[in-house]
Amino acid sequence: MDARIAKTRKRLQEALFELAREHGIDDISIGDIAQRAGVNRTTFYAHYRDKETLLADALDLVATRAGANLEQLELAPGKPPLPLVEFLGHVDEYADLYRRIFTAPGYGIVLARLRTHIIDAITRLIGEHSPHLTKKAPVEFVAAGIAGSLLGMIGTWLDSEPRTDPAQAARWMWAVVPGASDRR
């Protein structure tokens, strides 16, 4: 990708996150995002169809960064992987935005992409660290089941009051992930 395109998209994604933290995703217009990013609306539409697609790309970047950390992953018994803790830290920082994604209609593309990233990460983890989990079912079924569980738990965590810190939430999630407790 051309460096200018990447830079513009990054500015738009950062503007969306900043504005979402300040005002909530529903109160942000395309014009607000473009203004914060220092571009015009035409430039926005040259890169994105709508706010949801921008949000999905922004979350893709977050998931890609978390996934990159899987390369150096070391699993300790009973301890959640650092990329999970870091991702939940990001979710916590933008809790209002993620709560909206998990509960409001219209964010299907965002959840679908997030689910795909989680399945990809889990598939790699199973292959590298827990091949025994696929003795009774194909890896894609196991990964989809774990991803669905994690998404459900993230949604529940976001709705809890008071919401516990991300590290504790990661420990709880990791405790119920199939096969996590028997990793060596």
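Because the structure is predicted, anything quoted here is derived from the model rather than measured.

*Asks:* Describe in detail the overall build of the protein, supporting the description with residues and values.
*Replies:* Secondary structure summary: the protein contains 9 helices and 0 strands in total. Along its sequence from the N terminus, the protein presents helices and strands in the succession α-α-α-α-α-α-α-α-α. The buried share among the 184 residues of the protein stands at 45%. Excluding contacts between residues fewer than 6 apart, the proportion of contacts in the protein whose partners are at least 24 apart in sequence is 66%. By element, 54% of the accessible surface of the protein is carried by carbon and sulfur atoms, the whole surface being about 9800 Å².

*Asks:* Lay out the packing of helix α5 (residues 82-93) against helix α9 (residues 166-176) with the relevant residues and their values.
*Replies:* At their nearest, the axes of α5 and α9 sit 8 Å apart, and the two run at 130 degrees to each other. By the angle class used here, α5 and α9 are oblique. By crossing handedness, the relation of α5 to α9 is classed as right-handed. Along the contact surface, α5 presents Leu84, Val85, Leu88, Gly89 and Asp92, while α9 presents Pro166, Ala167, Ala169, Ala170, Met173 and Trp174.

*Asks:* Report on the pattern of salt bridges, specifying residues and quantitative values.
*Replies:* Applying the stated criterion across every chain, the model contains 10 salt bridges. Its salt-bridge partner being Arg36, residue Glu18 comes within 3.2 Å of it at the nearest N-O pair. Taken together, the positions of Glu18 in helix α1 (residues 3-23) and Arg36 in helix α2 (residues 30-37) put the pair 18 residues apart, joining distant regions of the chain. Between Glu93 and Arg21 there is a salt bridge whose closest N-O contact spans 3.0 Å. Here Arg21 lies in helix α1 and Glu93 lies in helix α5, a separation of 72 residues in the sequence. Since its relative accessible area comes to 44%, Glu93 is described here as partly exposed.

*Asks:* If you had to explain unusual backbone geometry to someone new, which residues and values would you point to?
*Replies:* Residue Glu161 is joined to Pro162 through a cis peptide bond whose omega torsion reads -5 degrees. With respect to the helices and strands, the residue Pro162 is situated in the loop between α8 (139-159) and α9.

Conventions adopted
- Residues numbered from 1 in each chain as written.
- Predicted model: local features only at pLDDT ≥ 70, side-chain atom pairs only at ≥ 80, totals over all residues.
- Heavy atoms only, no water.
- Helix = DSSP H or I, 4+ residues; strand = E, 2+ residues; numbered from the N terminus.
- Buried < 20%, exposed > 50% of the residue type's maximum accessible area, 1.4 Å probe, protein only.
- Contact = heavy atoms within 4.5 Å.
- Areas by Shrake-Rupley, 256 points an atom, 1.4 Å probe, with all protein chains shown as cover.
- Axes fitted to C-alpha atoms, helices over the stretch in contact; angles between N-to-C directions.
- Parallel < 35°, antiparallel > 145°, perpendicular 65-115°, else oblique.
- Left-handed = near helix turned anticlockwise from the far one by under 90°.
- Salt bridge = Lys/Arg side-chain N within 4 Å of Asp/Glu carboxyl O.

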